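Understanding the architecture of this molecule
Below are the chains, spelled out letter by letter.
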Amino acid sequence: MIRRGKPSFGAQVSDPERAKTNLRLRDRLWAEYIQDQVLEYGYTLYEVDGARSSDDMVDLIQQHFAWFLFD
């Protein structure tokens with residue numbers, strides 16, 4: 001399969017399922033690292049996990065940055 005002019009990911013590895021699993025694990029570890037850093041520095045973390053609609057997320061972010069946004 002060709003996507004955006006490049007060979008598919010599965011064509012480049014000997015075990016595509018293992019590679020996909022490894023990528024998901026890497027992404028999860030990276031997300032956990034970022035989350036830990038955000039919380040360690042005392043910043044607010046808003047998770048996009050499907051629990052809120054996109055409109056609710058927009059409202060939440062607008063409220064968070066209300067002091068910075070101009071009408």
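So, a few notes on the structure that sits alongside this text. If you're wondering where the values come from, they're calculated on a predicted model, not measured in any experiment. (Residues numbered from 1 in each chain as written. Predicted model: local features only at pLDDT ≥ 70, side-chain atom pairs only at ≥ 80, totals over all residues. Heavy atoms only, no water.)

1. A word on the overall build of the protein
We count it as follows: Numbering of helices and strands starts at the N terminus; helices are DSSP runs of H or I of at least 4 residues and strands are runs of E of at least 2. Here the term buried applies to any residue with accessible area under 20% of the maximum for its type, exposed to any over 50%, and partly exposed to those in between, with areas from a 1.4 Å probe on protein chains only. Note on areas: these come from Shrake-Rupley sampling with a 1.4 Å probe, and a residue is covered only by the protein chains present in the view.
For the protein, the count of helices and strands is two helices and two strands. Secondary structure of the protein in N-to-C order comes out as β-β-α-α. Split into buried and exposed, the 71 residues of the protein put 7% on the buried side. If you sum the accessible surface of the protein, you get close to 6,800 Å²; carbon and sulfur atoms cover 54% of it.

2. Some details on the packing of aromatic side chains
For clarity, the cut-off: Aromatic rings from Phe, Tyr and Trp, with only the six-membered ring used for Trp, were paired whenever their centres fell within 6.5 Å, and each pair was classed as stacked if the ring planes differed by under 30 degrees, edge-to-face if by over 60, and tilted otherwise.
As enumerated under the stated definition, the model contains three aromatic pairs in all. Centroid distance Trp-30 to Tyr-33: 5.5 Å. Interplanar angle 25°. Geometry classified as stacked. Of this pair, Trp-30 and Tyr-33 both sit in helix 1 (residues 16-40), separated by three residues, roughly a single helical turn. Judged by relative accessible area, Tyr-33 falls into the partly exposed class, the value being 42%.

3. Looking at helix 1
Worth spelling out the cut-off: Each helix should span, by expectation, one fewer than its residue count multiplied by 1.5 Å.
In this model, helix 1 (25 residues) spans 36 Å end to end at C-alpha, consistent with the 36 Å of a helix rising 1.5 Å per residue. Looking at the residues trailing helix 1, positive phi occurs at Gly-42, about 80°.

4. A word on a nonpolar patch on the surface
How we decide: The patches reported here contain residues having more than 30% relative accessible area and no salt bridge. Joining distances are 9 Å for like charges and 5 Å for nonpolar side chains (Val, Leu, Ile, Met, Phe, Trp, Tyr). Salt-bridge detection follows one rule: a side-chain nitrogen of Lys or Arg within 4 Å of a carboxyl oxygen of Asp or Glu.
On the surface, a cluster of nonpolar side chains totalling about 550 Å² of accessible area is made up of Ile-61, Phe-65, Trp-67, Phe-68 and Leu-69. In this structure, Leu-69 sits in the segment after helix 2 (54-64).

5. Details of the pattern of salt bridges
Per the counting criterion, the structure on display carries two salt bridges. In this structure, Glu-17 and Lys-20 form a salt bridge, with 3.8 Å as the shortest nitrogen-oxygen distance. Here the residue Glu-17 and the residue Lys-20 both occupy positions in helix 1, the gap between them amounting to three residues, near one helical turn. A residue is classified by how much of its surface remains accessible, and Lys-20, at 37% relative accessible area, is partly exposed. The shortest N-O distance in the salt bridge between Arg-26 and Asp-27 comes to 2.8 Å.

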